[in-house]
Amino acid sequence: MWGPEGLDEVEAELLGPPEELKGKAVLEIGAGAAQCARWLAAQGARPVALDLSHRQLQHALRIGGSFPLVCADAGALPFADETFDLACSAYGALPFVADPVLVLREVRRVLRPGGRFVFSVTHPIRWAFPDEPGPQGLSVSASYFDRTPYVEQYIENGEGRAVYVEHHRTLGDRVRDIVTAGLRLVDLVEPEWPAWNTAEWGGWSPLRGNLIPGTAIFVCVRD
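Residues numbered from 1 in each chain as written. Predicted model: local features only at pLDDT ≥ 70, side-chain atom pairs only at ≥ 80, totals over all residues. Heavy atoms only, no water.

Caption draft 1: Geometry of the packing of aromatic side chains. Applying the stated criterion across every chain, the model contains seven aromatic pairs. Relative to phenylalanine 84, the ring of phenylalanine 79 lies with its centre 5.1 Å away and its plane at 90°, an arrangement referred to as edge-to-face. Classification of phenylalanine 84 as buried rests on a relative accessible area of 3%. When the ring of tyrosine 144 is compared with that of phenylalanine 145, the centres are 5.1 Å apart and the planes differ by 80°; the resulting orientation is edge-to-face. Site record: aromatic cluster; members linked through ring pairs are Phe96, Tyr150 and Tyr164. Of note, arginine 126 hangs over the ring of tryptophan 204, and the distance from its end group to the ring centre comes to 4.5 Å. (Phe/Tyr/Trp six-rings, centres within 6.5 Å; stacked < 30°, edge-to-face > 60°. Buried < 20%, exposed > 50% of the residue type's maximum accessible area, 1.4 Å probe, protein only. Lys NZ or Arg CZ within 6 Å of the ring centre and 35° of its normal.)

Caption draft 2: Up close: helix α4 (residues 100-110). All buried positions along α4 are accounted for by Pro100, Val101, Val103, Leu104, Glu106, Val107 and Val110. Against β1 (25-29), β4 (84-90), β5 (111-122) and α5 (171-180) lie the buried residues of α4. (Helix = DSSP H or I, 4+ residues; strand = E, 2+ residues; numbered from the N terminus. Contact = heavy atoms within 4.5 Å.)

Caption draft 3: Inspection of the pairing of β1 at higher detail. Of all five residues making up β1, five are buried, and the element is well covered by its neighbours. In β1, alternate side chains face the same way, and those of Ala25, Leu27 and Ile29 on one face and Val26 and Glu28 on the other are all buried. Pairing of β1 with strand β2 (residues 46-51), which is carried by five bridges, proceeds in the parallel orientation. The residue of β2 that forms the bridge with alanine 25 is arginine 46. Handedness of the crossover joining β1 and β2 through helix α2 (residues 35-42) is recorded here as right-handed. As paired elements, β1 and β4 share three bridges and run parallel to each other. Residue pairing in the sheet places valine 26 in a bridge with leucine 86 of β4. (Pairing = 2+ DSSP bridges. Right-handed = clockwise from strand over helix to strand, strands pointing away.)

Caption draft 4: Representation of the pattern of salt bridges. For the structure on display, the rule yields eight salt bridges. Aspartate 173 is paired through a salt bridge with arginine 147; the nearest N and O atoms lie 2.7 Å apart. Here the residue aspartate 173 occupies a position in helix α5, and arginine 147 occupies one in the loop between β5 and β6 (150-156), the gap between them amounting to 26 residues. Arginine 184 is the salt-bridge partner of aspartate 223, the closest N and O atoms lying 2.8 Å from each other. Of the two residues, aspartate 223 is situated in the segment after β9 (215-221) and arginine 184 in strand β8 (residues 184-189); the sequence distance between them amounts to 39 residues. Each of Asp81, Glu106 and Arg109 takes part in one network of salt bridges that share partners. (Salt bridge = Lys/Arg side-chain N within 4 Å of Asp/Glu carboxyl O.)

Caption draft 5: Representation of unusual backbone geometry in the model. Phi at glutamate 82 is positive, roughly 55°, even though this residue is not glycine. Here glutamate 82 shows up in the loop between β3 (69-71) and β4. The class of glutamate 82 is partly exposed, set by a relative accessible area of 38%. Positioned with a positive phi, tyrosine 91 is a non-glycine residue whose angle comes to about 60°.

Caption draft 6: Seen up close, the environment of alanine 195. Note that alanine 195 resides in the loop between β8 and α6 (206-209). According to the relative accessible area criterion, alanine 195 is exposed, its value standing at 81%.

Caption draft 7: Just the packing of α4 against α5, in detail. For the pair α4 and α5, interaxial distance at closest approach is 9 Å and the crossing angle is 40°. By the criterion of interaxial angle, the relationship of α4 to α5 is oblique. For the pair α4 and α5, the crossing hand works out as right-handed. In this structure, α4 contributes Pro100, Val101, Leu104 and Arg105 to the contact, and α5 contributes Arg174, Asp177, Ile178 and Thr180. Taken together, the residues of the contact of α4 with α5 break down into four nonpolar, one polar and three charged. (Axes fitted to C-alpha atoms, helices over the stretch in contact; angles between N-to-C directions. Parallel < 35°, antiparallel > 145°, perpendicular 65-115°, else oblique. Left-handed = near helix turned anticlockwise from the far one by under 90°. Nonpolar A, V, L, I, M, F, W, Y, C, P; charged D, E, K, R; others polar.)

This is the structure in structure tokens:
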């Protein structure tokens, strides 16, 4: 699943036709509980699930799967050059790093020539609107161009410690980051909210989804 709208890879085929995934070495970056890697393995691919969070990977281990789980920083991938045929990231890693070009360059390094990297993030336009599913979430409340990170802090003994940080990049920033890293952007997918999806979750809802995009999916190639 590429995002809360419900666009799945079976329908989208952004990594390629499912029948062509068999035998492909695929790196999932920011894998969390490795849902994507688990699906890829079921298609006959050879996935590796990477995440910075040891606890997330413990959860992936409990769920099960016959593929490697790697605890590492996406900005310093512990793999040799040209190791993978494909790479993917669904809302993982890239929104949470201050220097996304570092991650993108690492992805390019470990991809084989002709390899594809597909990643999804919250659509940049969403940053201008409140994170509310109802009508109050339809009015612009912040500047789209304000790149101040969103930070949640844990306060202890009067001192704050960041426990969650998400970085805003504009659509143009994302495109420039991809190009700067030496990748070629071949598609930008903005999924529309489907009629069957009636779920509300956080700032996600049919009301907002039918009016403004919620997810941006970037399809890149290493030439």
